[in-house]
Amino acid sequence: MIEVVDPGRYTSIQDRGRPGFERFGIPPGGAVDWFAASVANHLVGNEPDAALIEATTSGPTLRFQSEATIAVTGGHCPDAGFPSWRAHRVDAGFALDLGRVSPGLRSYIAVRGGIEVPLVLGSRSLCAIGAFGGGVGRPLQKGDRLAIGATVSSPAVSEQWPESHRLPIRGPWEVHVVPGPHPDAFDPSAFQRLSATACLVTPALDRMGMRLDTPGLRLDATEILTTPMTAGAIQVTPSGGLIALLADHPTTGGYPVIASVITADLPLLGQARPGDTVRFRDVGLAEAARLWRRLSGWLDLSA
Amino acid sequence: MWRVAVAGDRALLVTLGETIDPSLLGLVLALDRALSDQRPAGLVSSVPAYASLLCRYDPAITDVTRLEDVIRQFEGRLDAAIPAGLVTEVPTQYDGPDLEAVAHKTNLTPADVIDAHASREYLVYCIGFAPGFTYCGTLPDELVVPRLASPRVRVPTGSVAIAGRQTGIYALASPGGWNLIGRTDLRLFEAGATPPVRFKPGDRIRFVPNR
């Protein structure tokens, strides 16, 4: 059992999400920085679909009531007093106080065996807007008690995860995209002008998406008929600002999408902090596939 | 001509038109059915909405060229007719916080707004935005009003709302910018049910005022 002594700013149970239910209005969900979450599970020897804890900005304080093997990855946690990106054995009674997350925005705590909460529509992830999943249908609160499961596949890894196989954790960010799917909603030079702009991350961000300002750039977009949306879609709002959609995104939307962040770079968006700058660069589908294979190769290599 | 566009590195967006039109929805649903019958390699799932269909694929199994070829083979060969189904009644308490304001904007009495809204059958065009949110159309001309200038932080579960030419039902409490004219006790979303939603695109509904 793990007791939530302090939930931190916004802490929830996540796994690889529940893609495939978008036609019912249900977002795919899952860890926003899917790469850091995958590494955390790998380090403690969990199955890839084990549920873990996602902390945002300021992490939780957790008390382990029995001994456990845990790993922390993702955003840096300078006050945790606990080396990240490696598995640790902790004793019964150990309290993990994750503290602030910076640089980076989201950190992951994996526990060997996974967090045991019921599967809802194929996933243990919290769907906050639907108030289901994640065990309690909401972010964690003080006093919640989390059971540890048995979704292990291999022994815990004894070495630290190499720095050479991690993603950048601080801005300025360069994020790879493929233009579209609504090129007709913009003038032909719009994407080129966007990619020449250092976009600014605003404080308006959550698991659904993040607003970015485009200093010095005014993009005009024609409205579109509501269409399905994807994680990574960069919507242009009537005011000319951007909304980049993340894991819990609304499944449909009426703002046109100028470009879409590739899967391999979604973790970067998930770690960008308010005040950071982001540049979007077109890489094309072949390069997107290569960058995906690079990350999945890192995860397989050490399996 | 359908537009097939890249939507990130794992999906194609097929756009069949740009208007709220039963025959475009019919084509979207027919394409969705045709693809789910054919099960082309690498197609993972699809999401219909109004006049477009998002097709998610696994790039390890297929690519955009192959998938677009599969999609294009249906262009011009689908029946746009939506299979006739039962009309589901949605019992509605017309006591929404925006009913008076809508009446004022449309130069109608609240009773006229209710009569106009409940006077016709609606087609479900999309389940989207949030779990179970049901987009229907189209409203009678006299009920067309814009969205609220600033959205509400929390719209209650079951709210019946209007905006532009659309009417919708908030299946769950969520933020929202539509004009709230009533509410229903009909449950539209249940995570544990199969399927988890009450309605799907192509269904027909009628709002019935509670007496």
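Here we summarise the structure given alongside this text.

## Some points on the interface of chain B and chain A
Okay, so step 1: Contacts between chain B and chain A engage 41 residues on the former and 35 residues on the latter.
Okay, so step 2: Between chain B and chain A lies a buried interface of about 3000 Å² when both sides are counted; carbon and sulfur atoms form 65% of it.
Okay, so step 3: Taken together, chain B and chain A are joined by three salt bridges.
Okay, so step 4: Note that Arg23(A) and Asp32(B) form a salt bridge whose closest N and O atoms lie 2.9 Å from each other.
Okay, so step 5: For the interface between chain B and chain A, the tally reads ten residue pairs in polar contact (both at pLDDT 80 or more).
Okay, so step 6: A per-class count over the side of chain B that touches chain A returns 27 nonpolar, eight polar and six charged.

## Observations concerning the environment of Pro40(B)
Residues and elements named next belong to chain B.
Okay, so step 1: Looking at where Pro40 falls in the secondary structure, it is placed in the loop between α1 (22-38) and β3 (43-49).
Okay, so step 2: Overall, Pro40 belongs to the buried group, its relative accessible area being 10%.
Okay, so step 3: Along the backbone, Pro40 and Arg66 are 26 residues apart, and their C-alpha atoms lie at a distance of 9.5 Å.
Okay, so step 4: Every residue in contact with Pro40, bar those within four places of it in the chain, is listed here: Leu35 and Val70.

## Thoughts on the pattern of salt bridges
Okay, so step 1: Overall, the coordinates contain 24 salt bridges over all chains when judged by the stated rule.
Okay, so step 2: For the salt bridge of Arg66(B) with Asp63(B), the shortest nitrogen-to-oxygen distance reads 3.6 Å.
Okay, so step 3: The exposure class assigned to Asp63(B) is partly exposed, which follows from its relative accessible area of 32%.
Okay, so step 4: Linking Asp203(B) and Lys200(B) is a salt bridge whose minimum nitrogen-to-oxygen distance equals 3.1 Å.
Okay, so step 5: If you follow the salt bridges from partner to partner, you end up with Glu54(A), Arg106(A), Arg207(A) and Asp248(A) in one network.

Calculation notes
- Residues numbered from 1 in each chain as written.
- Chains lettered and ligands numbered in written order.
- Predicted model: local features only at pLDDT ≥ 70, side-chain atom pairs only at ≥ 80, totals over all residues.
- Heavy atoms only, no water.
- Contact = heavy atoms within 4.5 Å.
- Buried area = accessible area lost by both parts, 1.4 Å probe.
- Salt bridge = Lys/Arg side-chain N within 4 Å of Asp/Glu carboxyl O.
- Polar contact = N/O pair within 3.5 Å; in protein donor to acceptor, adjacent residues only side chain to side chain.
- Nonpolar A, V, L, I, M, F, W, Y, C, P; charged D, E, K, R; others polar.
- Helix = DSSP H or I, 4+ residues; strand = E, 2+ residues; numbered from the N terminus.
- Buried < 20%, exposed > 50% of the residue type's maximum accessible area, 1.4 Å probe, protein only.

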